[in-house]
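# Descriptive analysis of the structure
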Amino acid sequence: MMLFIQHMISGLNVGSIYALIALGYTMVYGIVRLINFAHGDILMMGAYFAFIGIAIVRLPFWIVLIISMALCAIAGMLIDRIAYRPLRDAHRLSALITAIGMSLFLENLFLILFGAEPKKMPMIIKSVPIQISGIQITYITVITLALSIVCMVALDQLVNRTKTGKAMRAVSEDKDASKLMGINVNKTIGITFAIGSALGAVGGILFVMAYPQVNPYMGMMPGLKAFVAAVLGGIGIIPGAMLGGYVLGIVESLTRAYISSRWADFIVFSILIIVLLVKPTGILGKNGREKV
Amino acid sequence: MDKNSISRLGHLENTIGIFIIFGIMIALMNAGMINRYHQGIIIVIFINIILATSLNFITGCLGELALGHAGFMAIGAYTASFVTLNMNLGLPGTVQLIISLLLGGLLAGIFGIIIGIPVLRLEGDYLAITTLGFGEMIRVAIFNLDFLGGARGIFGIPRLTNFNVIFWITVIIIFVLFRIIRSRHGRAILAIRENVIAAESVGIPTVFYKIFTFAISAFIAGVGGGLLAHYLTIIDPKTFNFAYSIDILIFVVLGGMGSFTGAVIGAIILTIMPEFLRVGGIQEYRFLIKAILLIILMIFRPKGILGRAEFSLVQTLEFIKCKIFKNAKKPT
């Protein structure tokens, strides 16, 4: 039982990282109907900024976190401005290919800037496990869970309570109608990219804390899995991304523990397919029938 | 001239065109203008052409985004290698290769049907992520199955892929795809791309055609994978990762979705370009440049090089004839 709880906790730990990254995917998808393949690389950028801040400049963790979030937010907005905005009205696949191109660009840019070999991330937070009646919780896990919950609550408040959030919801509902209501659509989309990228940066930093090394391709696999999480929960739906992230993290952790660590990815993807076959729009997705 | 004889003449012109290309390539190889290194690149180009046209069949003609094409390739590659290594009938190399390729393609096609079935319920991005998931599952499964060599992969596959074989296989595949898409079935597939509901309401069995498209495309991808395996002589699961699926998609989109000749052009350009950049002394930057070119192309010409148009030798010849003989009849 204790072991089970232990695995659940590690699942929650991974799951909250997936959830944070999945939020970026789902927000962008909800508003522009684009699978932002470059999001995984935003995560990588966040991790690299943290690496520079901590290993080279030696700043304290919280300042690094904020700087990295800000830089990633700017990067996200720039990516939208340069690559995606000219394609707002083009075929959806063209925008998707641009996103893939952006992802390749960022990976290779960081490959040239920092080299291909993985860099070791210094342990900034002591990983002394806290013992609670036989269950070990590392300090990093506590920070990961707390930080992701704070981020999610903040996002929820932002989307549901503020004027910007209202604009975001309106644009994702109907772009043309919200333009008529006087909403600056491009600005709203830019803000969505900024918020999504900032959350991605947090996810990236938490990811390097859990697996302490950085390399230019590190964003690929967590990005892919976070995307799976977003689809699992119902892409475009913010609570869906959180739910999907946690479900994916827990499933992965339990599979590694009880079935086989080698087949974990296989089981993660087969669960995705089974869920989609049973409920084609994801766990929280609305089942809208297409009308003629 | 009536319509029939024009099309017969067109077939003749196309056939002659193919033989001329083949003849030129063989002549250049014999003259030593194309060395072994170039030959390797040419074989990779042909493999990429096969994969690009096969993906174009799903993404361009049926209009569904598929992100797991490398998975079908992997099935074809592993099956074909397995057959070649374990079936010692003492057949000549080419016959052996063709048997292996057919079996590899067949298994990939069966998987294509299995993956095509979810299409009954899914659409758009959900379908895309399902194909991505299947591709990754296939890779992870191969990675963990010990009789397939696991992470080490299979090695010691005889190098049976050569220029002659791959050239004619590519020609046959493109010919067959053209015949399908220009037939009644092809028009049905195109109708599904344009509007599923309208297609269904005029009595096209959309489910059948979606699965049919997936099966054919997977079969061809499997053949391409088998050819790659018999060229590289070593295959491992890492070859068939998500990035390869994306590469194939980029060929298709660059050339123009829905255009087979476009897919061919896309595959040729994107396979050669990194080699040229390698020669140019900017080796480090070649993938960066590739990415930037891709973004710029998408921003300024989002429908790809050819769009949905096909390059036609017959029409080009007619056009040239018109230019040369000003008084000649305009092509209709």
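These notes cover the structure that comes with them. What you see is a predicted model; the values in this text were computed from it and never measured.

Next up on the list: the overall build of chain B. A count of helical and extended segments in chain B gives 13 helices and zero strands. Ordering the α and β elements of chain B from the N terminus gives α-α-α-α-α-α-α-α-α-α-α-α-α. Taking 20 Å as the expected radius of gyration for a compact globule of 332 residues, we find that chain B reaches 21 Å, a close match to that expectation. Viewed in the frame of its principal axes, chain B has a C-alpha envelope of about 70 × 60 × 45 Å. Counting every position in chain B, which comprises 332 residues, the buried fraction comes to 42%.

Helix and strand counts for chain A come out as eleven helices and four strands. Along the first, second and third principal axes, the C-alpha set of chain A runs to 60 × 45 × 35 Å. Within chain A, the fraction of its 292 residues that count as buried is 50%. Considering only intrachain contacts with a sequence separation of at least 6, the fraction spanning at least 24 residues in chain A is 75%.

Across the contact, 35 residues belong to chain A and 33 residues belong to chain B. Listed by contribution, the elements that provide at least two residues to the side of chain A that touches chain B are helix H4 (92-114), helix H9 (220-233) and helix H11 (264-278) of chain A.

On to the nonpolar core, then. In terms of nonpolar packing, the biggest core is built from 183 residues, with Ala22(A), Leu23(A), Ala47(A), Val228(A), Ala229(A) and Ala52(B) touching the most fellow members. The element contributing the most residues to this core is helix H1 (residues 2-32) of chain A, with 15 residues. Residues in contact with Ala229(A), not counting those within four places in the same chain, are Tyr18(A), Ala19(A), Ala22(A), Ala241(A), Gly244(A), Gly245(A) and Leu248(A).

Turning our eyes to something else, we now look at the packing of helix H7 (residues 184-194) of chain B against helix H9 (residues 206-232) of chain B. Residues and elements named next belong to chain B. The contact between H7 and H9 brings their axes to 10 Å, and the two run at 105°. Compared by their axis directions, H7 and H9 come out roughly perpendicular. In this structure, H7 uses Ala188, Ile189 and Ile192 to contact H9, whose residues at the interface are Thr206, Tyr209, Lys210 and Thr213. For the contact of H7 with H9, the residue count by class is four nonpolar, two polar and one charged.

Here the focus is the environment of Phe287(B). In this structure, Phe287(B) sits in helix H12 (residues 286-300). Exposure remark for Phe287(B): the 18 C-beta atoms within 10 Å place this residue in the partly exposed category. Between the C-alpha atom of Phe287(B) and that of Pro274(B), which follows or precedes it by 13 residues, the distance is 7.2 Å. Ignoring anything within four residues of it in the chain, the contact list for Phe287(B) reads Leu104(A) and Asn108(A).

In this model, Arg33(A) sits at a positive phi of 55°, which is unusual for a non-glycine residue. Residue placement: Arg33(A) occurs in the loop between H1 and helix H2 (39-57). A tally of 16 C-beta atoms within 10 Å means that Arg33(A) is categorised as partly exposed. The backbone of Thr233(B) sits at a positive phi, close to 65°, despite the residue not being glycine. One can find Thr233(B) in the loop between H9 and helix H10 (242-255).

Turning to helix H5 (residues 124-144) of chain B, a few remarks are in order. Between the first and last C-alpha of H5(B) there are 31 Å, a value that for 21 residues agrees with the 30 Å anticipated at 1.5 Å per step. For H5(B), the tally of buried residues reaches 16 of 21 residues, placing the bulk of the element in the interior.

All names here are of chain B. Mapped onto the elements, Met73 comes out in helix H3 (residues 69-86). Of the residues examined, Met73 has 35 C-beta atoms within 10 Å and is grouped as buried. Along the sequence, Met73 and Val252 sit 179 residues apart, while their C-alpha atoms lie 16 Å from each other. Those residues within four positions of Met73 in sequence are excluded, and the remaining contacts are Leu51, Ala221, Gly222, Gly224, Gly225, Leu228 and Phe240.

All names here are of chain B. Relative to each other, helix H2 (residues 36-62) and helix H11 (residues 260-279) sit at 140°, their axes nearing to 8 Å. The interaxial crossing formed by H2 with H11 has right-handed handedness. Facing H2, whose interface residues are Ile41, Val44, Ile45, Asn48, Ile49, Ala52, Thr53 and Asn56, H11 presents Phe260, Ala263, Val264, Gly266, Ala267, Ile268, Thr271 and Glu275. Split by residue class, the contact of H2 with H11 holds ten nonpolar, five polar and one charged.

With respect to the secondary-structure elements, Ile35(A) resides in the loop between H1 and H2. In this structure Ile35(A) comes out as buried when scored by C-beta crowding, with 25 C-beta atoms within 10 Å. Contacts of Ile35(A), omitting those with residues within four sequence positions, involve Tyr29(A), Leu96(A), Ala99(A) and Asp125(B).

What counts and what doesn't
Residues numbered from 1 in each chain as written. Chains lettered and ligands numbered in written order. Predicted model: local features only at pLDDT ≥ 70, side-chain atom pairs only at ≥ 80, totals over all residues. Helix = DSSP H or I, 4+ residues; strand = E, 2+ residues; numbered from the N terminus. Rg over C-alpha atoms; globule rule 2.2 N^0.38 Å. Buried ≥ 20, exposed ≤ 12 C-beta atoms within 10 Å, placed from the backbone. Contact = placed C-beta atoms within 7 Å. Core = buried A, V, L, I, M, F, W, Y, C linked by C-beta atoms within 7 Å. Axes fitted to C-alpha atoms, helices over the stretch in contact; angles between N-to-C directions. Parallel < 35°, antiparallel > 145°, perpendicular 65-115°, else oblique. Nonpolar A, V, L, I, M, F, W, Y, C, P; charged D, E, K, R; others polar. Expected span 1.5 Å × (residues − 1). Left-handed = near helix turned anticlockwise from the far one by under 90°.

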